Amino acid sequence: MDNNLRSATEMGVTHFAMTPPPDSSVDARENRVIFQNKRATMEVASVSREFADVVFHIGGLDDPRIVMPLGADVTITFENQDGIHSHGWRLIKDTPPFANPHDAATKPLAFTGSEIAPQPPHGHGQAHFVANAPGVYTYVCPVSGDDGIGLYGEWEVSPSH
Ligand SMILES: [Cu+2]
């Protein structure tokens, strides 16, 4: 059992977004979640920890790099596990470092439909889109400035995956 899973269990946190998504491999050492085929279904949770940054959990990892083949059909179920602040999810056409972190929330979407509007504490949302262009993108929280506190990760769409 890796550290993320163990600490979550100890804290009594839900298993949502803590187990490998279907048809993926979770590489904890490289902090990556790799999808093997063109159907990528995953749970994403925004998590606030005391004395730490807010992060996204996917497959039990913090802000992992997501890798998937070109043309993948993506479904994301999002849960805001922060009990105080609103958070959402947005995949943008840009990579860090951002010239101005507060701009990340307004950058163009990577794909049509690749966003989940900010949800209140314990709120849920869903996104469905097709990753139909190869490249490296970034997922961020659309709440202005949250990307500056650790709430983002990279998303790779590989033409030769
Ligand atoms: Cu946020």
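Further up the page is the structure itself.
Criteria and thresholds
Residues numbered from 1 in each chain as written. Predicted model: local features only at pLDDT ≥ 70, side-chain atom pairs only at ≥ 80, totals over all residues. Helix = DSSP H or I, 4+ residues; strand = E, 2+ residues; numbered from the N terminus. Buried ≥ 20, exposed ≤ 12 C-beta atoms within 10 Å, placed from the backbone. Contact = placed C-beta atoms within 7 Å. Core = buried A, V, L, I, M, F, W, Y, C linked by C-beta atoms within 7 Å. Pairing = 2+ DSSP bridges. Axes fitted to C-alpha atoms, helices over the stretch in contact; angles between N-to-C directions.

Caption draft 1: How the structure looks around the overall build of the protein chain. When helices and strands are counted, the protein chain shows one helix and 12 strands. Secondary structure elements of the protein chain occur, N-terminal to C-terminal, as α-β-β-β-β-β-β-β-β-β-β-β-β. A total of 161 residues make up the protein chain; the buried ones form 35% of that total. Counted over contacts in the protein chain with a minimum sequence separation of 6, partners at least 24 positions apart contribute 68%.

Caption draft 2: The nonpolar core, seen in detail. Within the largest apolar cluster, 36 residues are counted, with the highest numbers of intra-cluster contacts made by Val44, Ile58, Met68, Ile76, Trp89 and Tyr139. For Tyr139, the residues in contact, after removing those within four places along its chain, are Phe56, Trp89, Arg90, Leu91, Tyr152, Gly153 and Trp155.

Caption draft 3: Inspection of unusual backbone geometry at higher detail. Unusually for a residue other than glycine, Asp23 sits at a positive phi of about 55°. Looking at the secondary structure, you find Asp23 in the loop between helix 1 (3-10) and strand 1 (24-27). Since 14 C-beta atoms lie within 10 Å of it, Asp23 is described here as partly exposed. One non-glycine residue, Asp63, adopts positive backbone phi at about 45°. Position of Asp63 among the secondary structure elements: in the loop between strand 5 (61-62) and strand 6 (65-69). The partly exposed category is assigned to Asp63, around which 18 C-beta atoms lie within 10 Å.

Caption draft 4: Local environment of the sheet that holds strand 8 (residues 87-92). Taken in spatial order, the seven strands of this open sheet run 1-2-6-12-11-8-9, and their pairing is mixed. What marks the edges here is a single partner per strand, and that holds for strand 1 and strand 9 (115-119). Here the strands of the sheet are splayed against their neighbours by 20° on average, with no regard to which way each runs. Of the pairings in the sheet, the one linking strand 8 to strand 11 (residues 135-140) comprises three bridges and is antiparallel in character. Each bridged residue has a counterpart across the sheet, and for Leu91 the counterpart in strand 11 is Tyr139.

Caption draft 5: Expanded view of the environment of Ala104. Residue position: Ala104 is located in the loop between strand 8 and strand 9. Considering only alpha carbons, one finds Ala104 and Arg90, 14 residues apart in sequence, at a separation of 9.3 Å.

Caption draft 6: Focus on the environment of Tyr137. If you trace the backbone, Tyr137 turns up in strand 11. Sequence separation between Tyr137 and Val157 is 20 residues; the distance between their C-alpha atoms is 8.1 Å. Residue contacts for Tyr137: discarding those within four places in its chain leaves Leu91, Ile92, Lys93, Ala110 and Trp155.

Caption draft 7: Quick look at the sheet that holds strand 4 (residues 54-58). Strands sit in the order 5-4-3-7-10 across an open sheet of five strands; the sheet is mixed. Two strands lie at the open edges of the sheet, namely strand 5 and strand 10 (124-131), each paired on one side alone. Here strand 4 runs beside strand 5; their pairing, made up of two bridges, is antiparallel. Bridge pairing in strand 5 places His57 opposite Asp62.

No statement about biological role is implied by the geometric values presented.
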